[in-house]
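# Examining the three-dimensional arrangement
Spelled out, the chains give:
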Protein chains: 2
Amino acid sequence: MKRRPTSIDVAERAGVSQSTVSRALAGSEVITEATRARVLRAAEEIGYFVDERAARLRRGSTGTLAVVVICRPGESAADINPFSYMLLGSVCLAASERGFETLVSFQAREEQFFGHYEERGWADGLVVIGTTTNRAAWDYFRGLEKAERRVVYWGSPFDDLEWVRSDNRAAGRLAVEHLLAQGYRAPCFLGAIDSPQHQFAERYEGYCDAMRAAGLEPCLVPTRDGATREEEGAAAVEAWLDQGGGADAIFAACDAMALGALEALKQRGVAVPGEVGVAGFDDLPAARFAQPTLTTIAPDPAAAGSLLVDALFNAGDDAPLRRVPVSLTVRGSTAR
Amino acid sequence: MKRRPTSIDVAERAGVSQSTVSRALAGSEVITEATRARVLRAAEEIGYFVDERAARLRRGSTGTLAVVVICRPGESAADINPFSYMLLGSVCLAASERGFETLVSFQAREEQFFGHYEERGWADGLVVIGTTTNRAAWDYFRGLEKAERRVVYWGSPFDDLEWVRSDNRAAGRLAVEHLLAQGYRAPCFLGAIDSPQHQFAERYEGYCDAMRAAGLEPCLVPTRDGATREEEGAAAVEAWLDQGGGADAIFAACDAMALGALEALKQRGVAVPGEVGVAGFDDLPAARFAQPTLTTIAPDPAAAGSLLVDALFNAGDDAPLRRVPVSLTVRGSTAR
DNA sequence: CTGAAAGCGCTTACAG
DNA sequence: CTGAAAGCGCTTACAG
């Protein structure tokens, strides 16, 4: 047989109807085990596989999940954020565990933006992994009418989109509790709380909660827009030192800022972790290699994938979990 | 209109036949511009998108490329090799540039192995990104009859499978030329040349070529199987030092071995890059953070994706390019 | 428990 | 340049 075998070929060989082949292969309860065995054998013998194009057309659903990773224009595969890759892997793994295939797309430029996977019969739902920095992408995806579309976002700056996020408040609390346990007396928060990156503000809130719970006054070292997060962190720390400092520990809104802070402190001859402790958020690969190595808090990537996929398909449930648990990794920058 | 609009709905609204809608939307040359404009407008107005399930069923092809990333059993998203992720991104980007969607799957355990994407009508071809270490996966994929299947492999230990690889010989030559240019006089090769990781032997051959071209005698410091590549590298360097050393530079078959070598040299008080220069292959993230930072050679990830996709669809062409160009990154470990 | 028949929504020869 | 008709290969009511 030269052409691709069809279910009719299997039916003939097994001596049953096409309907029976379909039911047997789909695992229908109604089929006799003897019949099923005959069908499976015939299918195996002629190398038959169900053609999913036809099956999906008839069935209506696709068994596929689309995943869009938003990048910055001009970024090559090597430039893409390692955390985005991890999240992608995590979503694919979670989808696979639930029996879904994953259609993956990296989107950077305006002309590439595309979210109509359901309309095209490509997928039953969409997970968007974003970085706040590509504003045009967020505008595009926000513009997709939500009605009749299953979609969930990671990293959305918009609260009105269906999102899954790190438990940022817990992160803020964890940081403070750790710093106090290490003997620091006055941890400050380094970051911008009015940033479109709303999650920074959430971390700040958690920080404030824990400070007040410990009877301490929150203290904000504000950053301002810079070319990179590192520079923002470094500049803010320098300004803070110029004003006389005052805190003995820093919880930075993200690792990149924390790394910048580390750099600035080193420049100014402030000992870390001796005089000042530093903690960040993200667990970037660079955190492991900084000098001193950087204490940090990060979401569990495996949990992130599961929550994203579950949020997509349990949207009807009351209170689907949307906060990814975070955990603390203690390293040199707070080890005194 | 509550139900999903079809091409018949568009036809009615534009006052043309279903055939014309199909042709207009597919960009057929034969359609009048005026007609096409009417059709496009009607489609836009009712929010119509071509149902790809039906289109593909009728057309026969899928416009999709399957990508399988082989992992190790038990690996979570966070454990997967960053280079595999980069390669995945690179393949997706290259596929997208050529108008293909990408169906991505991470496969680790024996029960999960699956390569019948074409038979299922899921894809027109398959790219497998492997790591030599998952032998069971290679056995599975090697077992898929090659006939009638479009498939190309990265990292295959088997030469009889359709592969794309780094230009390993060029890497060996580059390493030697760089080391000699830095004033080293006797570079040796650190690695196992009979490893199932055939690419190590290729790097050794390139090394030998360049050594002989410079009138020097190749010198192999052999590694033996260890728990990790780092340990293999460290153990081999220690054994070599015990025997009196003799070389003044090391080109290691991979960065992990080079990092182990760096560690062993530090233990023994041998100065790098002063007394001995060290270069590796891969450009692992850790190479940037080693002490001293590690000079290394690596394939261009963007090129890798392009070559993989092209190898898939130009299999008929004579001499498709299958060697990914490599480049040298000079860092501290050879900077003297 | 199994079969005959309809139909999912397209694309593409075949006519004109 | 456009239309009427067939058919891609399944799944699923509907009968029996």
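Everything below is about the structure printed above this text.
A brief structural summary. (Residues numbered from 1 in each chain as written. Chains lettered and ligands numbered in written order. Predicted model: local features only at pLDDT ≥ 70, side-chain atom pairs only at ≥ 80, totals over all residues. Heavy atoms only, no water.)

### A word on the overall build of chain A
Basically, it comes down to this: What counts as a helix is a DSSP run of H or I of at least four residues, what counts as a strand is a run of E of at least two, and both are numbered from the N terminus. Only C-alpha atoms enter the radius of gyration; for comparison, a globular chain is expected to reach 2.2 Å times N to the power 0.38, where N is the number of residues. Buried means the residue's accessible area, taken with a 1.4 Å probe over protein chains only, is under 20% of the maximum for its type, while exposed means over 50%, and partly exposed covers the values in between. Residue contacts are counted whenever heavy atoms from the two residues lie within 4.5 Å of one another. Positive charge is attributed to Lys and Arg, negative charge to Asp and Glu, and no charge count is given to His or to the chain ends. A charge is said to be at NZ when it belongs to Lys, at CZ for Arg, at CG for Asp and at CD for Glu.
A count of helices and strands for chain A gives 12 helices and 12 strands. What you see for chain A is a C-alpha radius of gyration of 26 Å, clearly larger than the 20 Å of a compact globule of 336 residues, by over 25%. In terms of overall dimensions, chain A has C-alpha extents of about 90 × 40 × 40 Å along its principal axes. For chain A, buried positions account for 53% of its 336 residues. Counting only contacts in chain A whose residues sit at least 6 apart along the sequence, the fraction spanning at least 24 positions is 71%. Treating the 36 positive side-chain charges of chain A as one cloud and the 46 negative ones as another, the clouds have centres 6 Å apart.

### Observations concerning the packing of helix 7 (residues 168-181) of chain A against helix 8 (residues 198-213) of chain A
Residue and element names in this part refer to chain A. Using the following cut-off: In this analysis, axes come from line fits to C-alpha atoms, helices being fitted only over the stretch in contact, and the angle between any two N-to-C directions falls in the range 0 to 180 degrees. Any angle from 65 to 115 degrees is called roughly perpendicular, while one under 35 is roughly parallel, one over 145 is roughly antiparallel, and all others are oblique. A crossing counts as left-handed when the near helix is turned anticlockwise from the far one by less than a right angle, and as right-handed when that turn is clockwise. For this classification, the nonpolar set comprises Ala, Val, Leu, Ile, Met, Phe, Trp, Tyr, Cys and Pro, the charged set comprises Asp, Glu, Lys and Arg, and every other residue, Gly included, is treated as polar.
The geometry of helix 7 relative to helix 8 is characterised by a closest axis approach of 6 Å and an angle of 45° between their N-to-C directions. When the axis of helix 7 is compared with that of helix 8, the two are oblique. For the pair helix 7 and helix 8, the sense of crossing is right-handed. On the side of helix 7, the interface is formed by Asn-168, Arg-169, Gly-172, Arg-173 and Val-176, while helix 8 contributes Gln-199, Glu-202, Arg-203, Glu-205, Gly-206, Tyr-207, Asp-209, Ala-210 and Met-211. Its residues assigned to classes, the contact of helix 7 with helix 8 shows 4 nonpolar, 4 polar and 6 charged.

### Quick word on the interface of chain B and chain A
As a reminder, the rule being used: Simply put, the buried area is the total loss of 1.4 Å probe accessible area from both parts when two parts are fitted together. When a carboxyl oxygen of Asp or Glu is within 4 Å of a side-chain nitrogen of Lys or Arg, the pair counts as a salt bridge. Contacts described as polar in this section are N or O atom pairs within 3.5 Å, which, within protein, must combine one atom able to donate a hydrogen with one able to accept it, while residues neighboring in sequence count only if both atoms come from side chains. Paired strands, in this sense, are two strands between which DSSP finds at least two bridges.
On the side of chain A, 41 residues touch chain B, which itself brings 41 residues to the contact. Across the chain B/chain A interface, buried area totals approximately 3,800 Å², and carbon plus sulfur atoms make up 64% of it. Considering only the surface of chain B that becomes buried against chain A, Phe-49, Arg-53 and Arg-120 of chain B emerge as the three largest contributors, covering 18% of it. The interface formed by chain B and chain A includes 2 salt bridges. Measuring nitrogen to oxygen at the nearest pair gives 3.5 Å for the salt bridge that ties Glu-52 of chain B to Arg-120 of chain A. Linking chain B with chain A are 10 residue pairs in polar contact (both at pLDDT 80 or more). Every element with two or more residues in the side of chain B that touches chain A is listed here: helix 4 (52-59), helix 5 (82-97), strand 2 (101-107) and helix 11 (285-289) of chain B. It is helix 5 of chain B that contributes the most residues to the side of chain B that touches chain A, 7 residues altogether. Looking at the side of chain B that touches chain A residue by residue, the classes come out as 19 nonpolar, 11 polar and 11 charged. As defined by bridge partners, strand 2 (residues 101-107) of chain A adjoins strand 2 of chain B across 3 bridges and the pair is classed as antiparallel. Bridging from a neighbouring strand, Thr-102 of chain A pairs with Val-104 of chain B of strand 2 of chain B.

### Quick notes on the relation of the copies chain B and chain A
The two chain copies are connected by a rotation around an axis plus a translation along it. Cut-off, in case you're wondering: Our superposition of the copies is a least-squares fit, built on the C-alpha atoms of residues whose pLDDT is at least 70 in both.
At an RMSD of 0.2 Å, chain B and chain A line up after a rotation of 180° and a shift of 0.1 Å along the axis. Interpreted geometrically, this transformation is the action of a two-fold axis. Among all residues of chain B, the one whose C-alpha sits closest to the rotation axis is Leu-103 of chain B, at a distance of 2.2 Å. Here 100% of the contact residues of chain B are again contact residues in chain A; the copies associate through an equivalent surface.

### A few points about the protein's contact with DNA strand D
Counted only if it meets this: Whether a residue is near a molecule or strand is decided by its heavy atoms; if any one of them lies within 4 Å of it, the residue is near.
Taken together, the neighbourhood of DNA strand D is formed by 25 residues, with Ser-22 and Arg-58 of chain A together with Thr-20, Arg-23 and Thr-35 of chain B sitting nearest. Backbone atoms, meaning sugar and phosphate, form 59% of the atoms of DNA strand D found within 4 Å of the protein. Separating a base nitrogen of DNA strand D from a side-chain N or O atom of Arg-23 of chain A is a distance of 2.8 Å. Interatomic distance of 3.4 Å between a backbone N/O atom of Ala-54 of chain A and a base nitrogen of DNA strand D. Those elements that provide at least two residues to the surface near DNA strand D are helix 2 (18-26) and helix 4 (52-59) of chain A together with helix 2 (18-26) and helix 4 of chain B. With 5 residues, the single largest contributor to the surface near DNA strand D is helix 4 of chain A. Taken together, the residues of the surface near DNA strand D sort by class into 9 nonpolar, 10 polar and 6 charged.

### Here's the deal with the pattern of salt bridges
Overall, the coordinates contain 44 salt bridges over all chains when judged by the stated rule. Salt-bridge contacts for Arg-98 of chain A lead to Glu-97 of chain A; the nearest nitrogen and oxygen are separated by 3.8 Å. Overlapping salt bridges, with partners in common, bring together Asp-159, Arg-165, Glu-202 and Arg-323 of chain B in one network.

### Some thoughts on empty space enclosed by the protein
Note the following rule: Using only the protein atoms, space was sampled on a 1 Å grid; points where a 1.4 Å probe fits but cannot get out form cavities, open sets with protein on both sides within 12 Å along at least five of seven lines form pockets, and lining residues are those with an atom within 4 Å of a point. Grid points are joined across faces, edges and corners, and a volume is the space filled by probe spheres set on the points.
Scanning the model with the defined rule gives 3 cavities of 30 Å³ or more in all. Considered as a void within the structure, the largest cavity measures approximately 140 Å³ in volume. Partitioning the lining of the largest cavity into residue classes produces 4 nonpolar, 4 polar and 6 charged.

### With respect to the side chain of Glu-101 of chain B
Considering the arrangement of structural elements, one finds Glu-101 of chain B in strand 2. At 6.3 Å, Arg-56 of chain B is the nearest oppositely charged side chain to Glu-101 of chain B, a buried residue that forms no salt bridge. Apart from the residues lying within four places of it in its own chain, the contact partners of Glu-101 of chain B are Leu-103, Tyr-117 and Trp-122 of chain A together with Arg-56, Gly-63, Thr-64 and Leu-65 of chain B.

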